[in-house]
Amino acid sequence: MKLISGGVCAAKGFTANGVHCGVRKNRTKKDLALIYSEVPASCAAVYTTNLVKGAPLDVTKKHIENGVAQAVVCNSGNANTCNANGIEIAEQMCDLLGTALNIASSDVVVASTGVIGQPLSIEPIKSGIPALVAGLSADGCDAAAEGIMTTDTVKKEVAVEFELGGKTCRMGGIAKGSGMIHPNMATMLVFITTDAAIAPEMLKKALSTDIAATFNMVSVDGDTSTNDMVTVLANGMAGNETVTAEGEDFAVFMKALNTVTVALCRMIAGDGEGATKLLECTVSGADDMGTARTVAKSVICSSLLKAAMFGADANWGRVLCAIGYSGAAVDVHRVDVSFRSPKGEILVCKDGAGVEFSEEIAKEILLEREIEILVSVGDGNVSATAWGCDLTYDYVKINGDYRT
């Protein structure tokens, strides 16, 4: 398993592009993205748990009921959510793209991201699709990654190479996500491609299993978005024997998928709106996975802790507080807490009580860009990790005038 370049275009048979079509007023920002497979691909997706869902999600669910897709189209700047004609607009996006690519419109995954409740005209998208298709390229991942960004400050892309059944396979992904980021598959837009051959039902199983430990463990602000989903396309062009059941090949595929998703989780959390720090909370010593994950998510979601991390304040009591209200069945008198970064590691709590430590050293550790919060809750053998970011003044500024 090794990291490579190329993102969603790293795998054989995939090309991508991104253009500015006019959904967004700022002409310097791309607002329409496309990912295309030369051949039909196995497809699986997971969706937001918010009861208010963007129209594109309903259309995509219908399109991939057969487990097959060949293209992904996504606009940014408008979520196409809570619109009377939202389904019609999403279907039109698929129809227009299908015609331009000479594929069935039902083989198109459609997504939108941006402001909720604003009318979305099909005209800019219609006018932009010819250039979008014409510009498809094996080097188009950067353009596509830019085309799905909203308040993101950096493009998020990753790719890996791995062996499957004696064949070299590749997998890559792009993501957007900066605000309205909260666990339970309501966190972002993620598009993953691979040239590995895997049956649709096994692809769905792989994705559904993976997100419990990755995307469901990310939180920026506690707000569950209406439009977000994770989609994986596997076109089989690597030539491996199709993975149709659990076993060694499926385990390798799962490892590749997890490598991609964890990398994207860290990028999303680190680029939270207004964030200056990536926070990673690892809980160890739990008796079961439910406890470990509940504690890790509660810590990473604490607004008080996030504010303390912004100020590089080793206020470990906020970690204990978050554990206490998490609902997890832990013995708080056995909890240990440490903070770690490239500047070192410092123990701040032992058996649920404070220990003497240097505030100066702690501050140096917490001034770093990436902070680990290490929590031990006992002597069990189960651990879990969650990702988040600090809470800054800029988060309020960004969201105070998001529409204007």
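Above this text is the structure in question.
Rules and cut-offs
Residue numbers here run from 1 along each chain, matching the order of that chain's written sequence. Only residues with pLDDT of at least 70 get local features here, since the model is predicted, and only at 80 or more are side-chain atom pairs given and counted; chain-wide, interface and lining totals rely on the full set of residues. Where side-chain values are given, they derive from all heavy atoms of the structure, hydrogens and water being excluded. Geometry of aromatic contacts follows a simple scheme: Phe, Tyr and Trp rings, the Trp one being its six-membered ring, pair when their centres are within 6.5 Å, and the pair is stacked under 30 degrees between planes, edge-to-face over 60, tilted otherwise. Numbering of helices and strands runs from the N terminus; a helix is a DSSP stretch of H or I covering at least four residues, while a strand is a stretch of E covering at least two. We call a residue buried when its accessible area falls under 20% of the maximum for its residue type, exposed when it is over 50%, and partly exposed in between, using a 1.4 Å probe and counting protein chains only. A pair of strands counts as paired when DSSP detects no fewer than two bridges linking them. Think of each axis as a best-fit line through the C-alpha atoms, taken over the contacting stretch in the case of a helix, with angles from 0 to 180 degrees between the N-to-C directions. Angle categories: roughly parallel below 35 degrees, roughly antiparallel above 145, roughly perpendicular from 65 to 115, and oblique for all the rest. Each crossing gets its hand from how the near helix is turned against the far one by less than a right angle, where anticlockwise is left-handed and clockwise is right-handed. Only heavy atoms enter the contact rule, under which two residues are in contact if any of them lie within 4.5 Å. Residues were grouped as follows: Ala, Val, Leu, Ile, Met, Phe, Trp, Tyr, Cys and Pro as nonpolar; Asp, Glu, Lys and Arg as charged; and all remaining residues, including Gly, as polar. Definition used for salt bridges: Asp or Glu carboxyl oxygen within 4 Å of a side-chain nitrogen of Lys or Arg. Expected helix span is computed as 1.5 Å times (number of residues minus one). Directions drawn from the helix axis to the C-beta atoms are what define this arc. Pairs of N or O atoms within 3.5 Å make up the polar contacts considered here, provided that, within protein, one atom can donate a hydrogen while the other can accept it, and that residues adjacent in sequence are counted only when both atoms are side-chain atoms. Here, the term nonpolar core denotes a set of buried Ala, Val, Leu, Ile, Met, Phe, Trp, Tyr and Cys residues that are joined through side-chain atoms within 4.5 Å.

Q: It is not clear to me how the packing of aromatic side chains should be interpreted in this structure. Could you clarify?
A: Each aromatic ring pair is specified by the distance between its two centres and by the angle formed by the two planes. On inspection of all chains with the given rule, the structure shows one aromatic pair. Plain terms: the ring middles of F310 and Y393 are 5.3 Å apart, the flat faces sit at 90° to each other, and that makes the pair edge-to-face. Separated by 83 residues along the polypeptide, F310 in helix α8 (residues 303–310) and Y393 in helix α11 (residues 393–400) bring together distant segments of the chain. Judged by relative accessible area, which is 29%, F310 ranks as partly exposed. We classify Y393 as exposed; its relative accessible area is 62%.

Q: Sorry, what's going on with the pairing of strand β6 (residues 156–164) here?
A: Residues in a regular strand project their side chains so that they alternate between the two faces of the sheet. With respect to burial, β6 is a largely interior element, seven of its nine residues being buried. Bridge analysis of strand β1 (residues 2–4) against β6 gives three bridges, and the strand direction is antiparallel. Bridged to K2 within β6 is E161. Relative to strand β7 (residues 167–176), β6 is paired through nine bridges, and the arrangement is antiparallel. Opposite K156, over in β7, you have A175 as the bridge partner. In this structure, the hairpin formed by β6 and β7 is closed by a connection of two residues, where G165 is found at a positive phi of approximately 60°.

Q: Please clarify how the packing of helix α7 (residues 289–301) against helix α9 (residues 317–324) should be interpreted in this entry.
A: Packed helices, taken two at a time, are described by the angle their axes make and the gap between the axes. Packing of α7 against α9 brings their axes to within 8 Å, and their N-to-C directions diverge by 130°. Relative to α9, the element α7 is oriented oblique. Crossing of α7 over α9 shows right-handed handedness. On the side of α7, the interface is formed by V295, S298 and V299, while α9 contributes V319, A322 and I323. The residue inventory of the contact of α7 with α9, partitioned by class, reads five nonpolar, one polar and no charged.

Q: Help me understand the pattern of salt bridges in this model?
A: When the charged atoms of two side chains with opposite charge come close together, those side chains can pair. In the structure shown here, the tally under the stated rule is 16 salt bridges. K62 is the partner of E91 in a salt bridge, and the nearest nitrogen-oxygen pair spans 2.7 Å. On the criterion of sequence distance, the pair formed by E91 in helix α2 (residues 86–101) and K62 in helix α1 (residues 55–63) is long-range, its members being 29 residues apart. E91 sits in the buried class, given a relative accessible area of 16%. Between E370 and R266 there is a salt bridge whose closest N-O contact spans 2.8 Å. In this pair, E370 is assigned in strand β14 (residues 370–376) and R266 in helix α6 (residues 248–270), connecting sequence segments 104 residues apart. Among the residues examined, E370 registers a relative accessible area of 40% and is labelled partly exposed. On the basis of relative accessibility, which here comes to 26%, the residue R266 falls in the partly exposed class. Overlapping salt bridges, with partners in common, bring together K2, E161 and R170 in one network.

Q: Would you take a moment to explain helix α5 (residues 200–211) for this structure?
A: One turn of the α-helix equals 3.6 residues, which is why residues spaced by three or four share an orientation. Over its twelve residues, α5 runs 17 Å from end to end, which matches the ideal 16 Å to within 8%, given 1.5 Å per residue. For α5, every residue scored as buried is listed here: M202, L203, A206, L207, D210 and I211. Down the axis of α5, the buried side of the element spans an arc of 155°, and every buried residue falls inside it. Exposed side chains of α5 directed beyond 90 degrees from the buried face belong to E201 and K204. In this fold, the buried residues of α5 make contact with β3 (32–47), β9 (229–234) and α6.

Q: In this structure, what is going on with the side chain of Q70? I would like to understand it.
A: As for its placement among the helices and strands, Q70 is situated in strand β4 (residues 68–78). Looking at Q70, its side chain comes within polar contact range of the main-chain oxygen of E38, at 3.2 Å. Not counting chain neighbours up to four residues away, the residues in contact with Q70 comprise I35, Y36, S37, E38, V39, P40, I103, D107 and L233.

Q: Hey, could you run me through the nonpolar core in this one?
A: Generally speaking, a soluble globular protein has its nonpolar side chains buried in company with each other. One finds M171, V299, V319, F339 and V375 to be the most contacted residues of the largest nonpolar core, which totals 77 residues. Considering every element that reaches this core, the biggest residue donor is α6, with eleven residues. By size, the runner-up hydrophobic cluster in this structure holds 27 residues, among which are A16, A111, C141 and M229.

Q: Would you mind showing me how to read α1 here?
A: For α1, every residue scored as buried is listed here: A55, P56, L57, V59, T60 and H63. Looking at the buried side of α1, the elements it contacts are β3, β4, α2, β5 (108–115) and β9.

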